[in-house]
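Understanding the architecture of this molecule
Here are the chains, one letter per residue:
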Amino acid sequence: MHMKRFLLSSTLFLVILLITFYCIFIQADGYTDPFYLRFATPKKHSLILGTSRAAQTIMPRILNQTLSRNDLFNYSFTVGHSSYGPTYLESIKRKLNSDAKKGIFIISVDPWSISSNTEDPNDSSSFEELKLALSGTRFVNCKPNIQYLLKYYDKRFWNLIFNPDSTMLLHDDGWFELTVPMDSASVEERTKIRIQDYRNIYSSQYKFSSVRFNYVIQTIKYLQNFGTVYLVRLPVHPLMMQIESKQMPDFNDKIQKIAGETQVDYLDMTDLNSAFTYVDGNHLHKDSGKKVSEIIGNWIMEKKSDLTRDLNVQ
Amino acid sequence: MLFNSIAFAIYLPIVFLLYWFVLNKSLRTQNLFLLVSGFVFYGWWDWRFLLLLVGMAVSNYFIGISIESSETERKSKSWLIIGLVVNIGVLCIFKYFNFFIESFIDFIYLFGYNLPHSSTRIVLPVGISFYTFLSISYIIDIHKKNLHANRNAVEVLLSLSFFPIILAGPIQRPSTLLPQIANKRVFEYDRAVDGMKQILWGLFKKVVIADNCAEFANQIFNNSAAYSGSTLLLGAVFFAIQLYGDFSGYSDIAIGTARLFGFNLMRNFAYPYFSRDIAAFWQRWHISLTTWFRDYVFLPLSFAISYRMTKERILFMKSDLFIYIVASILTWFLTGLWHGANYTYIIWGMIHGLFLILYQWQKKPRKKLLKRIGLNNDNPFVVLTETFITLAIVAVAWIFFRANSIEHAFKYISEIFSSSLFTFPQFHGGINAYIALLFSGIAILIEWFGKEHDHPIAGIGSNWPKTVRWAFYYTIAMSIFLFAGKEQQFIYFQF
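Residues numbered from 1 in each chain as written. Chains lettered and ligands numbered in written order. Predicted model: local features only at pLDDT ≥ 70, side-chain atom pairs only at ≥ 80, totals over all residues. Heavy atoms only, no water.

With respect to the nonpolar core
Going by this rule: Here the nonpolar core consists of buried residues drawn from Ala, Val, Leu, Ile, Met, Phe, Trp, Tyr and Cys, with membership extended through side-chain atoms lying within 4.5 Å. Relative accessibility under 20% of the residue-type maximum defines a buried residue, over 50% an exposed one, and the middle range a partly exposed one, all with a 1.4 Å probe and only protein chains included. Strands here are runs of E lasting at least two residues and helices are runs of H or I lasting at least four, both read from the DSSP assignment and numbered beginning at the N terminus. Two residues qualify as a contact provided that any one of their heavy atoms is within 4.5 Å of a heavy atom in the partner residue.
By size, the foremost hydrophobic cluster in this structure holds 209 residues, and its most contacted members are Tyr75 and Leu231 of chain A together with Phe261, Trp285, Trp398 and Tyr492 of chain B. Of the residues forming this core, the biggest block, 16 residues, is contributed by helix H9 (residues 229-260) of chain B. In this structure, Tyr492 of chain B is in contact with Phe130, Ala168, Leu243, Asp246, Phe247, Trp285, His286, Trp338, His339 and Phe401 of chain B, ignoring residues within four places of it in sequence. Listed in part, the 20 residues of the second largest apolar core include Ile48, Leu67, Leu284 and Ile296 of chain A.

Below, the structure is given as structure tokens:
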């Protein structure tokens, strides 16, 4: 009798709590953090992949407009989370809708996404991403994504309801919009710090990883079962370009080789480095991101037309 | 397994339901189940150190029987010594090996010799200081004939590895736990409900108070050279709150959990920060440890010294005071050393020892002074002043507890008492710092109004309508969920 009463009261209390927790969890949205919404949206037919450069630059809605589609989704994270490797590929497989047939996959590449800062750059068991959200989030398409919120959300849960971070917004299509002061002094300061970090710290820490390089190929081959894959190298600040050219002088050759082997088209936009605005020497400003997205969209259209023409000729 | 983890939230109801519904027919099976559950709980952290725990418990089981069944007192004492060597030896190897080696190297360096530093780093098994002390009290109590050596291995092993207390106490002596283990437990609604309340309050103190304060205490202590005196003072306050919230919170969860299974454990904290003197503080802080040291170190040492004392006065003081001083110094040296393999803990212990000695010495002069100025002992001004002084002493001593080195501690304290003490504290805190301070203030108020009870929310709301009472508990639970700070390991796990 006493036990029954205890169990009933405890269960009722717990149920009330769990319902409240659930109601709070469903408040999580694009303001929650830079990654959550990517794990809280349905599986997708077309994906944009890469690191934070791709996350902040490539706008799915612009591409969708240009390509007359509605299914592109930006599934890019950061160089720590989504450098190419087994973890990222596994997560891509979870995010991809297996019904996809004519999907479009834009793989953004740069020297850092095929490098590793571990002692042995080819030891995949010590890759940084194994400790991060992409590795530990099994379910990438449920809302609310309680597993992610409990394990990886690093603020207090009251932040889900109050005090949203208004400087950042992760859109439903996966594009990460960051709003920072763009006066010349702020931009210069951020650029200086970022370039210094890359030059003085990351250049020596990051080394080319043949494992990651092979996983770019594996990722392409996997995605080719579901649609068309395109390789893109996004524009970077000229100072960053200098660092990258020194870091991996044969980067373009490597990517051309992949493109040739896998028969995918490769767009290298680094010729246009000086034409755009950067927030910190590493990431494009959203206005420039829009232009870059349009360029990519038009290039894809062109490639599609070429393919159609070739097929007609045959 | 941490108490504030999802794993424990799943583990506890499963163990609870199996314990009361499936295995309650046989006491033996119930005890065996609790024992195995305890091994799962402990082994969740690292199964290799589970072997150490089991090995220690089994050894002490046999040593206890050997002590009791010895034909002569001498043989019994020999077994006791073997048991002490085993227990203290294991503790020394795992906890103090690195410290002793480094101290030896530093000592030799004073003579101009440079020995290479050891690259061997022994991992400290969680809870070793606690279960070693359980084992020591078991065999000593048997030797002193305060406890019968139980032949039931499951019961003995369970008393030495009971899961709620195995990681960080309370140090519930087998002499008080074994009778509860050996007798059938009956589910009591009030005890279970009170246990749940205590768990809730413990979680609040740990997750909301301690973990939030830890963020700022760590920030300030880890970069103390960059901060003003006022900020360092605030850092010391944050740490004092963190330590209390963390440790008393853990104890509350442990005691509350045990109550769910029908066990009554000793109280471990009795609102120590409301103490008006250092002696009262140590009657209320980590009670299980201080009583352990009192019963197994201080008192035997005092008796041993007084037995050899022939004179009434030594070194210009009465022999009683001399005995008290010597026994206190040694006891507090060991208390400090128990807390950690670092000189900072030893200094911390000695500071408390010194103030306890001063407290004993000042009793009579204080009485005379109060009489002379016409204030009685319960005068609010006197109470407040003394409470404040006690808190200040404790908080300054905590600085040694938290600092990385003795040098760091002294620098920290000297910077507090500099001219920058009178500036506004500045650190990276934002709204989270205000949340930490706000909740700390709320917790202090709740503890003040509930201080007549074992835990403050035991009595709060007992006269309220059920819905209001539930709303109160719901608010605490929601605070835990919404305002939980970044997860920090329980501080006492490192001991």
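A few points about the packing of helix H1 (residues 2-25) of chain A against helix H17 (residues 466-483) of chain B
Heads up, the condition is: Comment: axis = line fitted to C-alpha atoms, over the contacting stretch for helices; angle = value between 0 and 180 degrees taken between N-to-C directions. Oblique is the label for every angle not falling under 35 degrees (roughly parallel), over 145 degrees (roughly antiparallel), or within 65 to 115 degrees (roughly perpendicular). It is the rotation of the near helix from the far one that decides the hand of a crossing: anticlockwise by less than a right angle makes it left-handed, clockwise makes it right-handed. All residues other than Ala, Val, Leu, Ile, Met, Phe, Trp, Tyr, Cys, Pro, Asp, Glu, Lys and Arg, Gly among them, are scored as polar; the first ten of these are nonpolar and the last four charged.
Relative to each other, H1 of chain A and H17 of chain B sit at 45 degrees, their axes nearing to 11 Å. Considered as vectors, H1 of chain A and H17 of chain B are oriented oblique to each other. Between H1 of chain A and H17 of chain B lies a crossing whose hand is right-handed. Between H1 of chain A and H17 of chain B, the contacting residues are Ser9, Leu12, Phe13, Ile16, Leu17, Thr20, Phe21, Ile24 and Phe25 of chain A on the first element and Trp470, Tyr473, Tyr474, Ala477, Met478, Phe481 and Leu482 of chain B on the second. Split by residue class, the contact of H1 of chain A with H17 of chain B holds 14 nonpolar, two polar and no charged.

Some words on the sheet that holds strand S1 (residues 46-49) of chain A
All names here are of chain A. Heads up, the condition is: The rule for pairing is simple: two strands pair if DSSP sees at least two bridges between them.
Taken in spatial order, the five strands line up as S2-S1-S3-S8-S9 in an open sheet, and their pairing is parallel. Two strands close off the open sheet at either side, each with one partner strand: strand S2 (72-74) and strand S9 (265-268). Strand-to-strand, the axes of this sheet are offset by a mean angle of 20 degrees, without reference to chain direction. In terms of strand pairing, strand S3 (residues 103-108) meets strand S8 (residues 227-233) through six bridges, oriented parallel. Along S8, the bridge assignment pairs Ile106 with Tyr230. Across the face of the sheet, helix H10 (residues 251-262) comes into contact with S8 and S9 while running at roughly 155 degrees to S9.

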